[in-house]
Amino acid sequence: MSTAVVHPASSLYPWETALACSSGTGPPIPSARAMIFSGPNSRLARTTFGGAQQGGAIVALLRAAELSPRGYERSRRIAEAAYLGADLTGDLRDVPRLLEEARLADGGRAGPLVAAVAAAHHILLSGEGDLDTAHRLLVGAIDMQHQPYDATDPTMIDALYTLAWLCQSSQRTELWKPLHRALGLLKPEVPDQLALTLSTMADPARTAPPALGKLDEAIAALDREADPVRVIRLAMTSLYVDRLPACRTALRRVLRDGRDNSSLTVEIQGLVYLGRDHFVSGEWDELEAQAAQGRDLGEAHSYQLLSKEFLYQRALVAAARGDETATRALTDEMTLWARPRGVGSYLSCASHARALAALGQGRFEDAYRHPCAISRAGELASHVPPALFVMMDLVEAAVRTGRTEEATAHTAAADEAGVAAISPRLALLVKASAAVAAVDHEAIDLFEEALAVPGTDRWPFELARVRLAYGERLRRVKSTTEARTQLAEAIDTVERLGARPWTARAGNELRATGLSVGAAGVTGPASLTPQQREIALLAAAGLTNKQITERLFLSPRTVAAHLRQLFPKLGVASRAALRDALAELPPDQS
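Owing to the predicted nature of the structure, the values given are computational and were not obtained by experimental measurement.

Novice: Give me the lowdown on the overall build of the chain, citing residues and values where you can.
Specialist: Across its full length, the chain holds 31 helices and two strands. Relative to its full complement of 590 residues, the chain shows a buried share of 58%. Of the roughly 24,000 Å² that the chain leaves accessible, carbon and sulfur atoms contribute 53%.

Novice: Talk me through the environment of Glu225; I want residue IDs and the actual numbers.
Specialist: By the secondary structure assignment, Glu225 is in the loop between helix H12 (212-220) and helix H13 (228-238). Along the backbone, Glu225 and Ala250 are 25 residues apart, and their C-alpha atoms lie at a distance of 7.9 Å. Ignoring sequence-local partners within four residues, the contact set of Glu225 consists of Arg230, Val231 and Arg253. Here Asp227 takes part through its backbone nitrogen, which lies 2.9 Å from a polar atom of the side chain of Glu225.

Novice: Requested: an account of the nonpolar core, with residues and values cited.
Specialist: Counting residues in hydrophobic clusters, the biggest one holds 147 residues, and the most contacted among them are Leu138, Ile142, Leu160, Leu251, Tyr273, Val419 and Phe461. Beyond its immediate sequence surroundings of up to four residues, Leu138 is in contact with Ala116, Val117, Ala120, Ala159, Thr162, Leu163 and Leu166. Within the second largest apolar cluster, 19 residues are counted, among which are Ala540, Leu554, Ala581 and Leu582.

Novice: Run through helix H26 (residues 480-497), naming residues and quoting values.
Specialist: With 18 residues, H26 should reach 26 Å at 1.5 Å per residue; the first-to-last C-alpha distance of 26 Å fits that figure. Three or more residues of H26 are buried, namely Ala483, Gln486, Leu487, Glu489, Ala490, Ile491, Asp492, Thr493, Val494, Arg496 and Leu497. At the C-terminal side of H26, Gly498 shows a positive phi close to 75°.

Novice: How would you summarise helix H16 (residues 284-300) if you had to cite specific residues and measurements?
Specialist: Here H16 spans 24 Å end to end across 17 residues, near enough to the 24 Å set by a 1.5 Å rise per residue. Buried within H16 we find Trp284, Glu286, Leu287, Gln290, Ala291, Gly294, Arg295, Leu297 and Gly298. The buried residues of H16 all sit within an arc of 160° when viewed along its axis, so they share a single face. Residues Ala289 and Asp296 are exposed on H16 and point more than 90 degrees away from its buried face. Contacts from the buried residues of H16 go to helix H15 (264-280), helix H17 (304-320), helix H18 (324-341), helix H25 (460-476), H26 and helix H30 (556-570). Once H16 ends, the next one or two residues include Ser302, with phi positive near 65°.

Novice: Run through the packing of H12 against H13, naming residues and quoting values.
Specialist: Contact geometry of H12 with H13 gives a least axis separation of 11 Å together with a crossing angle of 145°. For the pair H12 and H13, the crossing hand works out as left-handed. Each of Leu215, Ala218 and Ile219 in H12 lies in contact with H13, whose residues at this interface are Leu234, Thr237 and Ser238. Of the residues that constitute the contact of H12 with H13, the class distribution is four nonpolar, two polar and no charged.

Novice: Can you break down the packing of aromatic side chains residue by residue, with the values?
Specialist: Aromatic rings considered in pairs are described by the distance between their centres and by the relative angle of their planes. Counted by the stated rule, this structure contains six aromatic pairs. Note on Trp284 and Phe461: the rings are 5.3 Å apart at their centroids and 75° apart in plane angle, and the pair reads as edge-to-face. Remark: Phe461 occurs in helix H25 and Trp284 occurs in helix H16; sequence separation between them is 177 residues. Residue Trp284 shares its accessibility class with Phe461, and that shared class is buried. Taken together, the aromatic side chains of Phe279, Trp284, Phe461 and Trp502 make up a single cluster linked through ring pairs. In this structure, Arg233 packs its charged tip against the face of Tyr161, placed 3.7 Å from the ring centre.

Novice: Lay out the pattern of salt bridges with the relevant residues and their values.
Specialist: Opposite charge on two side chains lets them pair, provided their charged atoms get close. Within the structure shown, the criterion is met by 33 salt bridges. Close ionic contact of Glu333 with Arg295 constitutes a salt bridge, the shortest N to O distance being 2.5 Å. Of the two residues, Glu333 sits in helix H18 while Arg295 sits in helix H16, which places them 38 residues apart along the sequence. Through salt bridges that share partners, Asp393, Glu396, Arg400, Arg465, Glu472 and Arg505 make up one connected network.

Novice: Explain the packing of H13 against H15 to me, and be specific about the residues and the numbers.
Specialist: Remark: H13 packs on H15, axes separated minimally by 10 Å, with the N-to-C direction vectors making an angle of 30°. Comparing the axis directions of H13 and H15 gives the class roughly parallel. Our pair here, H13 against H15, has a crossing hand that is left-handed. Side by side, H13 and H15 meet where Pro228, Ile232, Ala235 and Met236 of the first sit next to Val266, Gln269, Gly270 and Tyr273 of the second. Classifying every residue of the contact of H13 with H15 gives six nonpolar, two polar and no charged.

Novice: Run through the side chain of Gln193, naming residues and quoting values.
Specialist: Tracing the chain through its elements places Gln193 in helix H10 (residues 192-201). Those residues within four positions of Gln193 in sequence are excluded, and the remaining contacts are Tyr161, Arg230, Arg233 and Leu234.

Novice: Lay out unusual backbone geometry with the relevant residues and their values.
Specialist: Cis rather than trans, the peptide bond between Gln147 and Pro148 has omega equal to -5°. Following the sequence through the fold, Pro148 ends up in the loop between helix H7 (131-143) and strand E1 (149-150). Look at the link from Lys187 to Pro188: it is a cis peptide, with omega at 5°. Here Pro188 lies in the loop between strand E2 (186-187) and H10. In this structure, Gln171 takes a positive phi of about 60° despite not being glycine. Note on placement: Gln171 falls in the loop between helix H8 (154-170) and helix H9 (177-184).

The rules behind the values
Residues numbered from 1 in each chain as written. Predicted model: local features only at pLDDT ≥ 70, side-chain atom pairs only at ≥ 80, totals over all residues. Heavy atoms only, no water. Helix = DSSP H or I, 4+ residues; strand = E, 2+ residues; numbered from the N terminus. Buried < 20%, exposed > 50% of the residue type's maximum accessible area, 1.4 Å probe, protein only. Areas by Shrake-Rupley, 256 points an atom, 1.4 Å probe, with all protein chains shown as cover. Contact = heavy atoms within 4.5 Å. Polar contact = N/O pair within 3.5 Å; in protein donor to acceptor, adjacent residues only side chain to side chain. Core = buried A, V, L, I, M, F, W, Y, C linked by side-chain atoms within 4.5 Å. Expected span 1.5 Å × (residues − 1). Arc of directions from axis to C-beta. Axes fitted to C-alpha atoms, helices over the stretch in contact; angles between N-to-C directions. Left-handed = near helix turned anticlockwise from the far one by under 90°. Nonpolar A, V, L, I, M, F, W, Y, C, P; charged D, E, K, R; others polar. Phe/Tyr/Trp six-rings, centres within 6.5 Å; stacked < 30°, edge-to-face > 60°. Lys NZ or Arg CZ within 6 Å of the ring centre and 35° of its normal. Salt bridge = Lys/Arg side-chain N within 4 Å of Asp/Glu carboxyl O. Parallel < 35°, antiparallel > 145°, perpendicular 65-115°, else oblique.

So this is what it looks like as structure tokens:
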């Protein structure tokens, strides 16, 4: 006689009971699978189970649909299976078939909201359609819901997140209006995380600063966050306000768990946000390896939208390193895919990479034209977040092409919007842009203000570009010694990054001061960059490379590269000799 395991009704959520039944450990109630994802526990079910269990949950949902007597319930469960596939497990190729089954199950009617969310996800991620179609579909489905909208309904919240993603991808202000209308009908109030995401993702230049305190609090709690969807959404919220470094640990955990559990969408999105952070952190070799992996995953599973993100990341590195052939090929592929689908965000991404390539090569007319395609000179375009990334590109190109009025107007627009308050990196770029546009006697003070912004060594490439621009200006006003210091620091960074055009530019400037590039290697502690100095002090204190990596949020390769460069500068061959070599550091630097 077999003994069944009895689960008290109060001990399991409905979906837990259903899965227990399907595995043979729960009460033999054939209809129990119909409980999965029903009611308020649907979000919890999606985020609790790993990929293999999510696959089982999809099967259970389809079985529940078979057992549902009413067409609407059958339609809803098939649509939920489609959404689960599109949202987490990566079964995009099955989504159109399931949605058609859901439509037919309900007598050919439009079907439940979850069907529209699944369809919009499929259009957005697969690229099998354009954003306007997905937008109309989702807005229409939201408008059909009973008003006021329920802020505790996970499907409604998922629908609004998906609509926000569509709007952000389009970069068209008018597409945001239905979303704001829906938010006004959401009761009792807009959930905190959704409000945070919209404040930093839609139009960060104008709406992000008041929300940053709450965002920092949410990020501080990420290490305790078990929901991978919430982690990804916070990373999305962090992207344009430079909070991704603080999300790294949680993103790596999501990436690991996604691989372990076959949650493909989560894994690819984790790679997306880590890759963005790798570029601004100067970890370009890691970025290229991850981008290749991400693109392979995306292409294999029809994730066309996310695959294009990895083209962008690779294009940025190619542009910075002077590989014009690769930059052109990658940005052309992005543009050809994005334009007919209305994906304005990737048109901006392509313009960003092309502007960076043109600046490095000294093609300043092209360097001016490309950022103006994102946001014209003198304004930060509404609902176009990438405009924040190309502020200094546009200003420098404008000055180089004699458009001083446009350069001044653009710095004024950034200053008026309060962009510098968003992050140290943006403060660095705003102040440096103002310095580039200023007359000589004002520029020096502005450059010093830019370099005094704390924490900017986390963004080495942009810091090196600012030092290069400052060194050029110092040389022009005959401050030769100071110019050599700034140019030498810039060369040290761009050489390490492999940014050949920028190394050549800085080298030419250094030679113009009367010092050869080979002689730039001033020795001793004073020759160290701020980041090298910090790494040297930690190594001298006995920390291992791994411990330094964790302390400074750098990659192991970056730490090792800095140590290789600083040893000859200090005239030492081992870590043991670092303490004595650093004894000459001024007290405020030791």
